[in-house]
Every structure is written in C-alpha cells, then in structure tokens.
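Single-letter residue listing:
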Amino acid sequence: MKTIDELLTEGVAGKRIFVRADLNVPLDGGTITDDGRIRAVLPTVKALADAGARVVVASHLGRPKGAPDAAFSLAPAAARMGELLGTDVAFATDTVGDSARSTVAGLTDGQVAVIENLRFNAGETAKDDAERGAFADQLAELADVYVGDGFGAVHRKHASVFDLPARLPHAAGHLIATEVGVLKKLTEDVKRPYVVALGGSKVSDKLAVIDQLLGKADRLLIGGGMVFTFLKAKGYEVGASLLQEDQIPVVQEYIERARKNGVELVLPVDVVTSTEFPDLKTKAPGHPHTVAADAIPADQLGLDIGPETRKLYASKLADAATVFWNGPMGVFEHPDYAEGTKAVAQALLDSPAFTVVGGGDSAAAVRLLGFDENAFGHISTGGGASLEYLEGKTLPGLAALED
Ligand SMILES: Nc1ncnc2c1ncn2[C@@H]1O[C@H](COP(=O)(O)OP(=O)(O)O)[C@@H](O)[C@H]1O
Ligand SMILES: O=C(OP(=O)(O)O)[C@H](O)COP(=O)(O)O
C-alpha cells in the first residue's frame, strides 16, 4: 500500500487530491456533538495542504436515501474542519454538479474544500457495479490523485471507497495507516490475557465477530443490547429487552464453543431495567431498577449492566494485557444508564493493558462521559470496520488501496 509519505515525497503541489474521509459525526440538529472523526483526518488534510495540494475532502454522513436531504448535509462538518484548521474551508453544495466543479476549479494551492454528502447520489451505495462505476467516473473528474483515509467506511463497497481508487493514482492516508497498524497487532501475536468487551446495539453485526474471537480471545465480556440474546439463550426471561430471537441457536453454539475452547464468556449477573426506553433528548429522569440477570420482570427492558456486573467486569479487565472494547455497555446517552459504560472505561484506564476502543459510538461515549481520550491506547474511528478487520474479512476500501 502506497503511503501518503511516499506521495508527499513525489510532490503534490498544484495537484487536486481527493481525500475520502469519514466525517460521519453525531449531530443534534445542526450541532456536532462529537468531532472526533473530523479531528482524526486533519493530519492528512494538513500535510497535503501544507505541501501545496488542492485538497478535496469527501465523505458520507448518516444514511440518506440517494438524494439530497438537508438533515444529512456535511456543511456543519466543513465549518468545523475550517475552525480546526484555522483556515477557510470551501464548501460545495453538491457532489459532482456545478457547485463541486466550480469549487474545485477555484481552489488555489494549499486550499481545502469539502464537497456535499456522497450518499446524496444513489451511485455511491449502488449494488450494481456499473451504476457505482458511473458515479466514480464523475468523482474522478474532480481530482488527479486519490487518498483513502475514511477508515470508518473501508468495509463498505461504495463508489468513493472501492471504485474511485481504481480510477486514480492512490495512496493511504495517515489515519488508515495508524488504524491498520494497531488492529494488526490484535490479529497477529497479541499479548495475553486478551480480553474483549462487546456491547452496543448493532447486535447482528457484532455476533459475527464473536465467531472469530472464540478462537483468539481469552475472555469475552458481553454488555449492551447483545446481552439479552445471551441471557435468553441460557433460558432466562428478558422481558421487553432488545432480543435477536433468530440468533438464539447461534449464541447457544457460541456458549458451547467457548466452554470447549476454554474461552471465559462473562455475562452480567445483574442489569438495570426500566419499563420504558429513556428520552435521550430531554434526558428526563427514568425509573431505573436493578434486578438479577435471571429475574428480569416481563414488563421491563434492560438498559445497562448492574452494579455487581460493573465490579465483576472491572475485575476481569484488571489483569488483561490487551483489551479490545467495542460498543457501550448500556444506553450511555442517558445518565441513568451510563454507569456500566463508565465502569468499563475506568477499568481500562486503571489497567496497564494495551487498549483499543473501536466504534463511532464507543469513542463518542468515552469523550462525552468526560474521559481523556489520550489515556486510551488507541481509539478507533471505525466500529463496523474494526470488527470486520478482526474477523479477517477483506475490506473493500483497503483492498482498493493495495494494488
Ligand atoms: N441495553 C441496550 N438496549 C438498547 N440499546 C443499547 C443498549 N445498550 C447500549 N445501547 C445503545 O447502543 C448504541 C451504540 O451501539 P453501536 O452503534 O453498536 O456501537 P458502536 O458505534 O460503538 O459500534 C448506543 O446508542 C446505546 O444507547
Ligand atoms: O459510522 C460508521 O460506522 P460505525 O457505526 O460502525 O462506526 C461509518 O461512518 C460507516 O457508516 P455506515 O454504517 O452508515 O456505512
């Protein structure tokens, strides 16, 4: 994989460089609640701009349906990038139309532009190769060189991630190089005990990685919405909690395989429940109860791991040499259900282990709960991407940069 350093050595002055970033930041209305993904791509953008390139930054945001949708505009991200860089960042109100073409044509050496959300064009995410290719052809007209640096999206076979690098000379940016370098350590000779904590709500995505981790990790701690499929698989009732009914046999097989492989699979002993999902906008006080994991009342849903589980998980992290954590332990956005996620974050800070925190929401949780992100070994900008990397899958956005 060609690196950005090689590209810089060759010289980029006056060249139009397309930087595929992942600026998919959490928004509350038009306000960015966590700008981590914008800060993560700055080293690449700055290095190129400082070397006199004309930098065209592109990204998706959210999941718009292939047409413009103001709620998913990248304008706030472009403004924030300008603030962080301390320079004017131009913004094109479309992706491959008049605004994009004239904005790019108007760039001078060292200037940066952001173009509008790539997913406003159906070609970006199209399953059909020709449709994606046609959109990639249009994107290719905007640039001379492609730099892939949107690590959070490298698992997507999308036009800007997979098809565009085939059409332009290409290199990997600093963020992708760093992310891959760290994750590689977790797939090669990892220091043991290797403990993995998994939570969050994208349950089906995460169950797949457990399959691979059962042959790799020494201990698995389960939290978040995934827990209830495990508890149900053990024969417990889970009330109104998040449940992947169709995955119960898969999870039962995981429990059995963990036992056979000597992998310690740790499940909550107590959970924090409520009769309703909390209001994340008003943060109005909920009605949390702590119950034993095998005694969740029928009218309650589990929203966090309980106090005994927090102590248990902290003790299971204390002697780790390597930790990978993906997915909050509970609905951390509400203060009643943030304690489990806080406890795991604190345990990681207290442990001397090499820690990798993966996932847009996990990284945001760490920062929003007030932890110093620099105190963690590595905070990955990609949740799905880091999981698929650990699963050993070929990631389209990395494969495209390789040849
Ligand atoms: N018990 C639970 N029930 C429902 N949602 C949960 C539960 N625990 C955590 N979550 C939610 O999971 C979301 C993050 O999940 P996910 O997107 O899978 O994480 P990541 O982006 O870090 O991979 C958070 O918004 C959080 O509120
Ligand atoms: O937020 C992202 O992924 P993540 O939640 O798995 O970290 C990436 O920007 C990819 O977005 P997508 O899952 O809509 O393709």
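- Under an unreviewed UniProt entry, the chain has the name Phosphoglycerate kinase and belongs to Streptomyces phaeoluteigriseus.
- In its Sequence similarities (unreviewed entry) section, the UniProt entry covering the chain states "Belongs to the phosphoglycerate kinase family."
- Its UniProt record gives the chain a comment under Catalytic activity (unreviewed entry), which states: "(2R)-3-phosphoglycerate + ATP = (2R)-3-phospho-glyceroyl phosphate + ADP".

**Looking at the sheet that holds strand 13 (residues 289-292)**
Point 1. Read across the open sheet, the three strands follow the order 13-12-14; overall the sheet is antiparallel. The open sheet has two edge strands, strand 13 and strand 14 (301-305), and neither has a second partner. When strand polarity is set aside, the average angle formed by the axes of neighbouring strands in this sheet is 45 degrees.
Point 2. The pairing of strand 12 (residues 270-274) with strand 14 spans four bridges and is antiparallel.

**Focus: the packing of aromatic side chains**
Given two aromatic rings, their pairing is described by the distance between the two centres and the angle made by the two planes.
Point 1. In this structure the tally under the stated criterion is one aromatic pair.
Point 2. A ring pair is formed by Phe18 and Tyr146, whose centres lie 5.9 Å apart and whose planes are at 15 degrees; its orientation type is stacked. In this pair, Phe18 is assigned in strand 1 (residues 16-20) and Tyr146 in strand 7 (residues 145-148), connecting sequence segments 128 residues apart. Across the pair, exposure class does not vary: Phe18 and Tyr146 are buried alike.

**Observations concerning the site of ligand 2**
Point 1. In the vicinity of ligand 2, 13 residues are found, and the nearest of them are Arg63, Arg156, Lys202, Gly383 and Gly384.
Point 2. Within the side chain of Asp22, a nitrogen or oxygen atom sits 2.9 Å from an oxygen atom of ligand 2.
Point 3. In the model, an oxygen atom of ligand 2 is placed 2.6 Å from a nitrogen or oxygen of the Arg156 side chain.
Point 4. In the complex, 91% of the free accessible area of ligand 2, which totals 390 Å², lies under the protein chains.
Point 5. Partitioned by chemical class, the residues of the shell around ligand 2 number no nonpolar, seven polar and six charged.

**Points about the pairing of strand 5 (residues 89-92)**
Point 1. Pairing of strand 5 with strand 6 (residues 112-115), which is carried by four bridges, proceeds in the parallel orientation. From the neighbouring strand, Ala92 faces strand 6, where its bridge partner is Ile115.
Point 2. Remark: the strand 5/helix 4 (residues 98-105)/strand 6 crossover connection has right-handed handedness.

Rules used in this analysis
Residues numbered from 1 in each chain as written. Chains lettered and ligands numbered in written order. Predicted model: local features only at pLDDT ≥ 70, side-chain atom pairs only at ≥ 80, totals over all residues. Heavy atoms only, no water. UniProt positions renumbered as here; feature names shortened; annotations may be inferred. Pairing = 2+ DSSP bridges. Helix = DSSP H or I, 4+ residues; strand = E, 2+ residues; numbered from the N terminus. Axes fitted to C-alpha atoms, helices over the stretch in contact; angles between N-to-C directions. Phe/Tyr/Trp six-rings, centres within 6.5 Å; stacked < 30°, edge-to-face > 60°. Buried < 20%, exposed > 50% of the residue type's maximum accessible area, 1.4 Å probe, protein only. Near = heavy atom within 4 Å. Polar contact = N/O pair within 3.5 Å; in protein donor to acceptor, adjacent residues only side chain to side chain. Areas by Shrake-Rupley, 256 points an atom, 1.4 Å probe, with all protein chains shown as cover. Nonpolar A, V, L, I, M, F, W, Y, C, P; charged D, E, K, R; others polar. Right-handed = clockwise from strand over helix to strand, strands pointing away.

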